[in-house]
Structures are given as structure tokens and as C-alpha cells.
Amino acid sequence: MKTVSNVVRGYRHVSDAMRTRVQGSIDALGYRPNVSGRSLATGRTNMLAFAFPDLRRPYFAELAHVFSQVCAERGYQLLLEETAGAPGGELSAVRGREAGVVDGVVIHPQVLTPAEIDSARGDTAVVFLGEDVRPPGGDLVAIDNVRAAAEAVAHLAALGRRRIGFLGHEVGEQSRTSTFRLEGYRDGLSAAGLPFDPTLCVPREVGDAQGAELAFGRALDGGLSIDGLLCRDDLAAVGALRAMRLRGLEAPRDVAVVGWDAIGLAASLVPSLTSVAPDTVALAEAALDRLQERIAGRPGDGQAVTVGHRILVGESAPYPDGSVD
């Protein structure tokens, strides 16, 4: 029974000869695993959940694809949960184990506090993505947003840009993501010997490309003068490029533009977009490593894992010699 299970799950530690024999019997009998029965026998569903704010955002759609691939390689099925960045949606995700649906959850929270998460999750194995909102003993996987933003500003400064703006943070209370990226933006300015000018930071009321286009367009019409721009995300960069084009401005001639997330669409824009590119495969691998350890019962303090990133250089802010990646 264990050998059949190993073959069905795709475990590597089965000889080719035995795998062939077992697969032949499976095919001859038309055998299909009984998921409900297996769950009753093992106490596991072999399903994981990935909870994120908004599937319409290209970054989360692409990240969900990466998680799905990595889960499949490990013998798991993946349930996608869109939380809408709302408390009810995030609470539902971390309570998934109580309903017997999933063995563990990877979540990118936006609104819940560590205390709220801790009280809701019960025995659910949970790994957090993004900014550190872990409850005690929680595991986190993220990129270094502050460092990445500083590196993006350094890239713009290396092109000789001296009036570098920031586009796309929220109006009013800022998200944790925006807070860290703005912190890195200011660090990058300081390292380049440039002053921080709050009038060069343009928030948007709606967190999509159109919202960025409207906000940046109004700022340009109001006299905003910049020669470099770091955007909170690639959607903000898309909006910025359109606002510039409608006003006769071009990137990088007039304003060198750097986005964030390196979504697939970015390489097809004209000009192609320079963007901060998180290592999404490493992020998914590290998150699932932590989650599988917790499912297996690993006790102890939580771990914070930082995965890599790079500046993927396109035409909107090329290298100083004009080349791109």
C-alpha cells in the first residue's frame, strides 16, 4: 500500500522497475485515489491554500502561477483564495484547516494585525508573505523592500537623474508595502547625495494603472518637474508612461521610469519597463519549505527568510551605456 502511495504521489524514491509494475496495475484497473478516504486515514488533505488580496493585480496572478507549479512538484494541490484585502477574507483563509479543507496556508495579509491572526489560526500551519506581521512563532518570507527601493534610486542616479520622484502610494494612511518602499526611496536619495522633496512624491487614490495615470497627469499639469521616477508597482509605471505620452514626454529621454514586480507585460511595453524583480520562485520555494516543516510538526520560534531580487533593466531606464537586459 505504501509503495502504491509513493508511485501515485510521484515520490522519487521508487525504483523504475517497481514504478512501472505499479503504474501498469493502476492503468489496468483504472484505479483512482479516494481523496476523502486518504484524508480520513492520514489526517491530511494534501491541499494547500495561497491567500492574496486581488487576483486582478498581475503580480499576484503570476505569483499564484509560480506557487501552483511548486506545489505540483511537491505533490500538493493548491487552493487560491482572494481576500480582497478585507478582514473577513483574511480570517477565512487562516481558518482553513479548521474546516478540514487544507493542510496549511500561505497568506499575504494586508489588514489583519499579528494578534488577530494568532487568535484566528488555531492549529493551522501558516506562513506569511510580505511585510512582517507575524504573530509570535510565525514564519515570514519576503524580499527586502527598503534595500530594493534604494537600489532602484541608485540606478536612476547613475543615469544622472537628480530630481527623482515616487509614484503610487496611498492617499492618507499608507500600506506597509508603501511605507517600506518609501523608506528605501529616501535612503537611496540620501546615498546619492540628493535631498528628499515631498512634493516629488505623488500618491494615487485608486491602486491601479488608471489611478496612477490620473494622479501623475494632474501632477505634471500642475508643474511637477522630475527626470527620474520610482513607481510603487508596475501598474503605477504603466499609468505614468501613458500620462507622459499624452503630454509629449518620453521615457527615458525626459523621465527615466522604474517599476516594481517585473510582471510579464512589462517587457512588451514601449519602452520596455525597468522594474524591481522579486525572485518569485525562491519566494515560493522558501514559503513551502517553512509550511511543510510546520505541517510536519516543527516546533520553535518562527523564521524570517529574505529572498533575492534584482533590477531588471529595460528601455525606460537603461544602463548608463544605453544597454538593457
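This text goes with the structure placed above it.
Bear in mind that the values here come from a model prediction, so they are computed numbers and not experimental data.

1. Some thoughts on the packing of helix 7 (residues 145-158) against helix 8 (residues 176-191)
Inference 1: Relative orientation of the contacting elements helix 7 and helix 8 amounts to 40°, with a least axis distance of 7 Å. On the basis of the axis angle, helix 7 is oblique to helix 8. In this structure, the crossing between helix 7 and helix 8 has a hand that is right-handed. Counted together, Asn145, Val146, Ala149, Ala150 and Val153 of helix 7 and Phe180, Arg181, Glu183, Gly184, Tyr185, Asp187, Gly188 and Leu189 of helix 8 form the full contact between these two elements.
Inference 2: Per-class residue counts for the contact of helix 7 with helix 8 are 7 nonpolar, 3 polar and 3 charged.

2. Re the sheet that holds strand 5 (residues 139-142)
Either a parallel or an antiparallel arrangement is found when strands of a sheet pair, and the pairing is made through backbone hydrogen bonds.
Inference 1: Taken in spatial order, the 6 strands make up an open sheet running 2-1-3-4-5-11, and their pairing is parallel. This sheet does not close on itself; its edge strands, each paired only once, are strand 2 (77-82) and strand 11 (304-306). Neighbour-to-neighbour, the strand axes of this sheet turn through a mean angle of 20°, independent of strand direction.
Inference 2: Across 4 bridges, the pairing between strand 3 (residues 104-107) and strand 4 (residues 125-129) is parallel. Across the sheet, residue Gly104 finds its bridge partner in strand 4, namely Ala125.

3. So, helix 6 (residues 114-121)
Inference 1: Along helix 6, the positions that sit buried rather than exposed are Ile117, Ala120 and Arg121. The buried residues of helix 6 all sit within an arc of 90° when viewed along its axis, so they share a single face. Looking at helix 6, the residues exposed on the side facing more than 90 degrees away from the buried face are Ala115 and Ser119.
Inference 2: Where helix 6 is buried, its residues meet helix 5 (87-94) and strand 4.
Inference 3: Where helix 6 ends, the next residue or the one after it, Gly122, has phi of about 55°, a positive value.

4. Quick word on the state of the cysteines
Inference 1: Applying the stated criterion to the full structure yields 0 disulfides.
Inference 2: Among the cysteines around Cys201, which has no disulfide bond, Cys231 carries the closest sulfur, lying 12 Å off.
Inference 3: Classification of Cys201 by relative accessible area gives buried; the value is 14%.

5. Description of the pairing of strand 7 (residues 201-204)
Inference 1: As paired strands, strand 6 (residues 164-170) and strand 7 are joined by 3 bridges and run parallel to one another. Bridging from a neighbouring strand, Leu167 pairs with Val202 of strand 7.
Inference 2: As a crossover connection, the stretch from strand 6 through helix 8 into strand 7 is right-handed.

6. So, the environment of Asp254
Inference 1: Along the chain, the position of Asp254 falls in the loop between helix 10 (234-246) and strand 9 (256-260).
Inference 2: Separated by 27 residues in sequence, Asp254 and Asp227 place their C-alpha atoms 5.9 Å apart.
Inference 3: In this structure, Asp254 is in contact with Arg161, Ile226, Asp227, Gly248 and Leu249, ignoring residues within four places of it in sequence.
Inference 4: Of the polar contacts made by the side chain of Asp254, one reaches the backbone nitrogen of Glu250; its length is 2.7 Å.
Inference 5: A polar atom in the side chain of Asp254 sits 2.8 Å from the side chain of Arg253.

7. A few points about the packing of aromatic side chains
Inference 1: The final tally for this structure, using the stated rule, is 6 aromatic pairs.
Inference 2: Plain terms: the ring middles of Phe52 and Phe60 are 6.2 Å apart, the flat faces sit at 15° to each other, and that makes the pair stacked. Of the two residues, Phe52 and Phe60, neither departs from the other in class, the shared state being buried.
Inference 3: Plain terms: the ring middles of Tyr59 and Phe60 are 5.4 Å apart, the flat faces sit at 65° to each other, and that makes the pair edge-to-face. Take Tyr59 and Phe60: they sit in the same class, and that class is buried.

About the thresholds
- Residues numbered from 1 in each chain as written.
- Predicted model: local features only at pLDDT ≥ 70, side-chain atom pairs only at ≥ 80, totals over all residues.
- Heavy atoms only, no water.
- Axes fitted to C-alpha atoms, helices over the stretch in contact; angles between N-to-C directions.
- Helix = DSSP H or I, 4+ residues; strand = E, 2+ residues; numbered from the N terminus.
- Parallel < 35°, antiparallel > 145°, perpendicular 65-115°, else oblique.
- Left-handed = near helix turned anticlockwise from the far one by under 90°.
- Contact = heavy atoms within 4.5 Å.
- Nonpolar A, V, L, I, M, F, W, Y, C, P; charged D, E, K, R; others polar.
- Pairing = 2+ DSSP bridges.
- Buried < 20%, exposed > 50% of the residue type's maximum accessible area, 1.4 Å probe, protein only.
- Arc of directions from axis to C-beta.
- Disulfide = S-S within 2.5 Å.
- Right-handed = clockwise from strand over helix to strand, strands pointing away.
- Polar contact = N/O pair within 3.5 Å; in protein donor to acceptor, adjacent residues only side chain to side chain.
- Phe/Tyr/Trp six-rings, centres within 6.5 Å; stacked < 30°, edge-to-face > 60°.

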